[in-house]
Structure formats: structure tokens, C-alpha cells
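# Secondary and tertiary structure notes
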Amino acid sequence: MNRPYCLSIAARVAAGCCLALAILVVPAAPVWAHNALRESTPAQGGRLASAPERVELVFAERLDATFTTVAVTAEGGAPVTAGKPTVTGVRATQPLAGGLAAGTYTVAYRVVSVDGHPVQGSYDFTVTAAPTGTASSSPSSAPTGDAPSAAAAPSLAAADGRGGGVSLAVVGALVAAVLAGGVLVLRRVRAGRR
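Let me begin by describing the structure that accompanies this report. A quick note: this is a predicted structure, and the numbers were derived from the prediction, not measured. (Residues numbered from 1 in each chain as written. Predicted model: local features only at pLDDT ≥ 70, side-chain atom pairs only at ≥ 80, totals over all residues. Heavy atoms only, no water.)

## Brief notes about the overall build of the protein
- A count of helices and strands for the protein gives 2 helices and 8 strands.
- Counting all 194 residues of the protein, 30% fall into the buried class.
- Of the contacts made within the protein by residues no fewer than 6 positions apart, 68% connect residues no fewer than 24 positions apart.
- Entry remark: accessible area of the protein is about 11100 Å², with carbon and sulfur atoms responsible for 60%. (Helix = DSSP H or I, 4+ residues; strand = E, 2+ residues; numbered from the N terminus. Buried < 20%, exposed > 50% of the residue type's maximum accessible area, 1.4 Å probe, protein only. Contact = heavy atoms within 4.5 Å. Areas by Shrake-Rupley, 256 points an atom, 1.4 Å probe, with all protein chains shown as cover.)

## Some details on the nonpolar core
- Formed by 20 residues in total, the largest nonpolar core has its most connected members in Val55, Leu57, Val72, Tyr105, Val107 and Phe125.
- Counting only elements with at least two residues in this core, the list comes to strand 3 (54–59), strand 4 (69–73), strand 7 (103–112) and strand 8 (118–127).
- Ignoring any residue separated from it by four or fewer positions in sequence, one finds Phe125 in contact with Pro42, Ala43, Gly46, Leu48, Pro52, Val55, Val72, Gly103, Thr104, Tyr105 and Val107. (Core = buried A, V, L, I, M, F, W, Y, C linked by side-chain atoms within 4.5 Å.)

## Comments concerning the packing of aromatic side chains
- This model, assessed by the stated rule, comprises 2 aromatic pairs.
- Plain terms: the ring middles of Tyr105 and Phe125 are 5.7 Å apart, the flat faces sit at 25° to each other, and that makes the pair stacked. Pair noted here: Tyr105 is in strand 7 and Phe125 is in strand 8, with a separation of 20 residues, a long-range link.
- Looking at Phe125, the relative accessible area reads 0%, which means it is buried. (Phe/Tyr/Trp six-rings, centres within 6.5 Å; stacked < 30°, edge-to-face > 60°.)

## Quick notes on the environment of Glu61
- Inspection of the secondary structure puts Glu61 in the loop between strand 3 and strand 4.
- Considering only alpha carbons, one finds Glu61 and Val112, 51 residues apart in sequence, at a separation of 9.4 Å.

## A short note on unusual backbone geometry
- The linkage connecting Thr41 with the following residue, Pro42, adopts the cis geometry, with an omega of 0°.
- Along the chain, the position of Pro42 falls in the loop between strand 1 (37–41) and strand 2 (47–48).

Shown next, in the form of C-alpha cells:
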């Protein structure tokens with residue numbers, strides 16, 4: 001069999017496999033385009049000498065105010081937010097009740113990606129000093145925000161992470177199938193030429 005001809009056939013099969021792979025992977029690209037938290041103030045694990053007045057979250061993609069919620073809760077689960085978050089571009093700002101006591105607070109958020117996929121997560125920060133001269137420093141007396149419970153966010157965020165893994169597994173299986181098909185075609189071409 002003519003060796004240059006076999007190489008030509010192999011090159012065609014490889015090009016066909018690459019084209020099929022591109023066709024399969026490009027439509028799946030939006031699955032990976034989920035929004036993600038890029039910055040936060042207070043920062044994750046931050047220790048603050050005084051209570052913050054607000055929580056600011058900066059995301060990778062533009063936010064929709066209708067589908068953006070931020071909950072901030074004290075150690076016992078009592079909400080310490082004051083109203084709803086303000087959304088500007090990629091930034092969500094959630095006002096907090098005044099006079100937060102010393103302790104650990106959990107910030108839980110839920111936003112929607114451009115592709116419509118919900119993204120959730122949570123983190124903690126700590127206030128190390130109690131407010132001075134404030135009679136109502138208990139977080140339980142703070143106004144309640146219209147946001148989901150912070151306790152639900154970690155499990156939902158974990159489920160969200162599993163969804164991305166399934167997408168990668170499906171794409172990986174498709175890539176393997178395309179490559180296996182290319183090998184079979186190449187073997188048949190070689191067998192036909194002998």
C-alpha cells in the first residue's frame with residue numbers, strides 16, 4: 001500500500017475527528033459560563049475590629065436584580081440584613097443592621113448566570129469587637145431581609161458543583177466516542193486497501 005496515501009487518509013480522519021469534536025464542544029460552552037464570586041467585602045474568613053455597615057459582592061458576570069439575593073446571618077441563624085441588596089452591574093451591595101455584636105456571621109448569596117443557571121454559595125467573616133454604647137446590639141432584633149436561609153446555601157452550592165462535573169463527563173464521553181469512531185474508520189480504510 002502507498003504510504004503517502006495512508007498518511008493522507010489518516011490526516012483526513014484526524015481532521016474529521018477534530019471537526020466533530022468542535023461541533024460537539026462549542027454548543028456546550030455556555031454550560032461552563034456560570035457566574036462566580038470574584039471579590040467580597042468583608043472578605044471570606046475576614047476578622048474585623050468593628051462591624052461593617054454593608055456586604056459587597058463582586059461577580060464575574062453582570063447581575064439581574066430580580067434574581068439576586070444576599071442573606072447575612074448571625075451564629076444562631078438570626079438575619080442581620082436591612083432591606084434588599086442593591087445591584088449595579090457585577091456588584092451586589094447588601095446593607096446590614098447597625099450595631100452587630102462580636103461573633104461570626106455567614107454571608108449566603110444566590111445569583112443567576114447569563115445562561116440562566118443559578119449559582120449559590122456562602123462564606124463566614126468575624127467581628128471581633130462588640131459595638132460601643134448600643135443598647136440593641138443583639139442580632140435577633142435586626143430587621144429581616146427577603147433572602148434564603150444561609151444554612152441552605154452550602155448544600156445547594158455543592159449540588160451546583162456536581163452539575164458542572166456531569167457536564168464535563170458528558171463532553172468527555174463524546175470526545176472519546178468521536179476518537180473511537182475515527183480509529184475504526186482508519187482501520188477500515190487500511191483493511192480495504194490491503
